[in-house]
Amino acid sequence: MSKGRNIKWVSRRDFVKYASGGLLATSTLMASKAPAVQSRSPLAIDGGEKAIKISCRAEPRWGEPELKQLSDMLKQGTLFYWGGPQTELLIQRFREVCPVEYVQTCSSGTAAIHIAVAAAGIGPGDEVITTPITDIGTVIGILYQQAVPVFADLGAATYNLAPADVERKITPKTKAIIAVHLMGNPCNMDALKKIADRHNLILIEDCAQAWGAKYRGRPIGTIGHFACFSLQNSKHVTCGDGGVVGSGDQRFGPLLQKFGDKGGDRRKWGGHEVFATNYRMSEPQAAVAAAQLTRLEEIASKRVKLGNLLTEKISGLPGVIPHEVHPDDRAVYWFYMFRLRPAELRCNRSQFVRALAAEGLSVSGGYIAKPLYGEPIFQNHSFFAGRWPIKEMGLTGMDYTKVKCPEAEAILQTCIRVFIYEYMTEEYISQVAEAIAKVARHYAA
Ligand SMILES: *Cc1c(COP(=O)(O)O)cnc(C)c1O
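Residues numbered from 1 in each chain as written. Predicted model: local features only at pLDDT ≥ 70, side-chain atom pairs only at ≥ 80, totals over all residues. Heavy atoms only, no water.

(A) Representation of the packing of aromatic side chains within the structure. Evaluated as defined, the whole model comprises 20 aromatic pairs. Measuring from centroid to centroid gives 6.0 Å for Tyr-81 and Trp-82, while their planes differ by 70°, and the two rings are edge-to-face. Accessibility expressed as a relative area gives 37% for Trp-82, which makes it partly exposed. With a centroid separation of 5.8 Å and an interplanar angle of 75°, the aromatic rings of Phe-151 and Phe-378 are classed as edge-to-face. Here the residue Phe-151 occupies a position in strand E4 (residues 148-151), and Phe-378 occupies one in helix H12 (residues 376-379), the gap between them amounting to 227 residues. Of the two residues examined, Phe-151 and Phe-378, each falls in the buried class. (Phe/Tyr/Trp six-rings, centres within 6.5 Å; stacked < 30°, edge-to-face > 60°. Buried < 20%, exposed > 50% of the residue type's maximum accessible area, 1.4 Å probe, protein only. Helix = DSSP H or I, 4+ residues; strand = E, 2+ residues; numbered from the N terminus.)

(B) Spatial organisation of the site of the ligand. Near the ligand there are 14 residues, and of these Gly-109, Thr-110, Asp-206, Ser-230 and Lys-235 occur at the shortest range. Within the side chain of Thr-110, one N or O atom sits 2.5 Å away from an oxygen atom of the ligand. One of the side-chain nitrogen or oxygen atoms of Asp-206 is found 2.7 Å away from a nitrogen atom of the ligand. Of the residues in the shell around the ligand, the class split is 2 nonpolar, 9 polar and 3 charged. (Near = heavy atom within 4 Å. Polar contact = N/O pair within 3.5 Å; in protein donor to acceptor, adjacent residues only side chain to side chain. Nonpolar A, V, L, I, M, F, W, Y, C, P; charged D, E, K, R; others polar.)

(C) Quick look at the sheet that holds strand E2 (residues 102-106). Strand order across the open sheet formed by 7 strands is E2-E10-E9-E6-E5-E3-E4, with mixed pairing between neighbours. Of all the strands in the sheet, the pair left with one neighbour each is E2 and E4. Each strand of the sheet is rotated relative to its neighbour by a mean of 20°, with strand direction disregarded. Summarising the sheet, strand E9 (residues 226-230) and strand E10 (residues 243-247) pair through 4 bridges and their orientation is antiparallel. Looking across to E10, one finds that Ser-230 is bridged to Gly-243. In the packing of helix H3 (residues 85-97) onto the sheet, contacts are made with E2, E9 and E10, and the angle to E2 comes to roughly 125°. (Pairing = 2+ DSSP bridges. Axes fitted to C-alpha atoms, helices over the stretch in contact; angles between N-to-C directions. Contact = heavy atoms within 4.5 Å.)

(D) Just the pairing of E4, in detail. Burial along E4 is two-sided: the face carrying Val-148 and Val-150 and the face carrying Pro-149 and Phe-151 are both buried. Sheet topology places strand E3 (residues 127-130) next to E4; 4 bridges connect them, and they run parallel. Pairing of Glu-127 across the sheet is with Val-148, part of E4. Handedness of the crossover is the feature at issue here: the chain leaves E3, passes through helix H5 (residues 137-144), returns alongside E4, and the resulting connection is right-handed. (Right-handed = clockwise from strand over helix to strand, strands pointing away.)

(E) Layout of the nonpolar core. Counting 146 residues, the largest nonpolar core has Phe-338, Phe-352 and Ile-436 as its most contacted members. The biggest single contributor to this core is helix H15 (residues 426-443), with 10 residues. Contact partners of Phe-338, with chain neighbours within four places excluded, come to Tyr-159, Ile-314, Val-320, Ile-321, Pro-322, Phe-352, Leu-356, Thr-414, Cys-415, Ile-416, Val-418 and Ile-436. (Core = buried A, V, L, I, M, F, W, Y, C linked by side-chain atoms within 4.5 Å.)

(F) Region of the structure containing the packing of helix H2 (residues 64-74) against helix H9 (residues 283-293). Two numbers describe how H2 lies on H9: the axes approach to 8 Å, and their chain directions differ by 150°. The handedness of the crossing between H2 and H9 comes out as right-handed. Contacts between H2 and H9 involve Pro-65, Glu-66, Gln-69, Leu-70 and Met-73 on the former and, on the latter, Glu-283, Pro-284, Ala-287, Val-288, Ala-291 and Gln-292. Residues of the contact of H2 with H9, tallied by class, amount to 7 nonpolar, 2 polar and 2 charged. (Left-handed = near helix turned anticlockwise from the far one by under 90°.)

(G) Main features of helix H7 (residues 189-198). For H7, the full list of buried residues reads Met-189, Leu-192, Ile-195 and Ala-196. Each buried residue of H7 lies within a common arc of 130° when the element is viewed along its axis, so the set occupies one face. Of the exposed residues in H7, those oriented more than 90 degrees away from the buried face are Lys-194 and Arg-198. Turning to H7, the residues buried within the fold contact helix H6 (163-168), strand E5 (174-180), strand E6 (202-206) and strand E7 (214-215). Asn-200 occupies a position one or two residues after H7 and carries a positive phi of about 55°. (Arc of directions from axis to C-beta.)

Now the structure itself:
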């Protein structure tokens with residue numbers, strides 16, 4: 001790994017290290033103890049030549065367009081969002097990505113989901129089915145509405161909700177499904193929509209990792225009742241922190257502004273009608289976000305190309321399950337995630353990751369440390385000052401110590417994330433595939 005590249009990659013790798021809790025490959029490597037088999041070239045970890053021979057230089061993620069927007073913004077008399085030109089521009093550009101009638105900008109992806117959950121009328125004791133492999137922001141709003149996250153299991157290589165298990169988890173208390181398009185790979189929306197319609201449930205799309213993705217040619221976020229996006233720093237486009245919530249539904253859309261802004265309707269003031277917090281996004285953030293959206297298509301299309309190329313090149317390798325994407329969908333690879341089939345390999349995941357790192361790969365074993373239900377806050381049911389009022393009141397019998405999603409747990413035990421960035425080249429990704437192939441063939445049982 002060249003020194004220059006090391007420096008360039010530090011900030012985002014550090015973020016990942018902080019955010020994932022996963023095992024990050026380091027450059028201090030120990031020799032593998034697995035018995036060597038004859039292979040075309042020895043692994044770099046055993047002193048062979050590295051598979052990654054070129055480096056990619058990180059490009060700045062912001063510059064002239066953001067500067068221009070910020071400078072326009074500073075000429076304004078007010079930096080408040082309501083009626084603000086930056087907010088209006090952001091909403092207009094958002095609609096080009098996700099064409100829905102009602103749009104509310106807000107302070108985070110977590111806020112966007114909380115607004116959606118509240119606008120959907122989800123309340124004490126209601127159940128919302130979602131995935132246990134996601135950012136905790138997916139379920140924070142559910143819990144704040146005194147509702148209950150119910151975790152369903154996942155597809156083995158899509159890492160998205162398995163519709164059959166979603167249906168199994170439905171009870172008379174179920175009110176909604178939150179479909180998380182993990183890593184930018186669209187969920188099976190036809191199946192989830194059918195289930196939602198059959199059981200009269202609200203369908204919320206968590207598109208935080210899926211800017212620019214398409215489900216069967218349709219923009220992500222336009223199939224469910226709500227679309228929730230994040231503009232946090234690690235996402236495809238960002239203003240540091242921010243979010244957008246949208247809806248094309250006439251019942252819910254008009255409520256978004258109220259639920260994002262202290263419970264009052266700014267178009268037609270009728271006082272504080274509903275209980276809601278302040279999730280507003282100010283004009284400086286909207287200015288940066290609006291400028292960032294002009295970069296989205298280039299960022300997304302590049303990641304689509306690189307991720308799909310990697311799948312093409314690592315398909316059929318022993319012990320390796322590529323990221324599964326439907327051929328008619330557009331996955332935008334927030335990360336690329338593949339899995340190992342331990343029975344087909346003579347090494348464990350950390351050995352595999354160390355060998356990849358030695359080949360020069362920027363890679364990390366695992367994603368979040370545990371499925372969400374395994375986190376202390378869930379195991380202790382201690383959401384509100386150490387208590388969970390709805391459980392004490394008998395509105396839910398949920399016991400997270402008894403929840404198990406076997407496939408989700410297996411995914412977290414066997415997954416490896418490959419970092420995909422828009423500044424990478426196809427040649428570089430081909431070498432990434434070479435590295436994975438070399439290591440997989442070496443350790444093939
Ligand atoms: C980032 C993220 C969120 C939360 O977004 P924030 O802006 O960090 O609050 C929610 N869901 C998923 C899938 C995410 O990746």
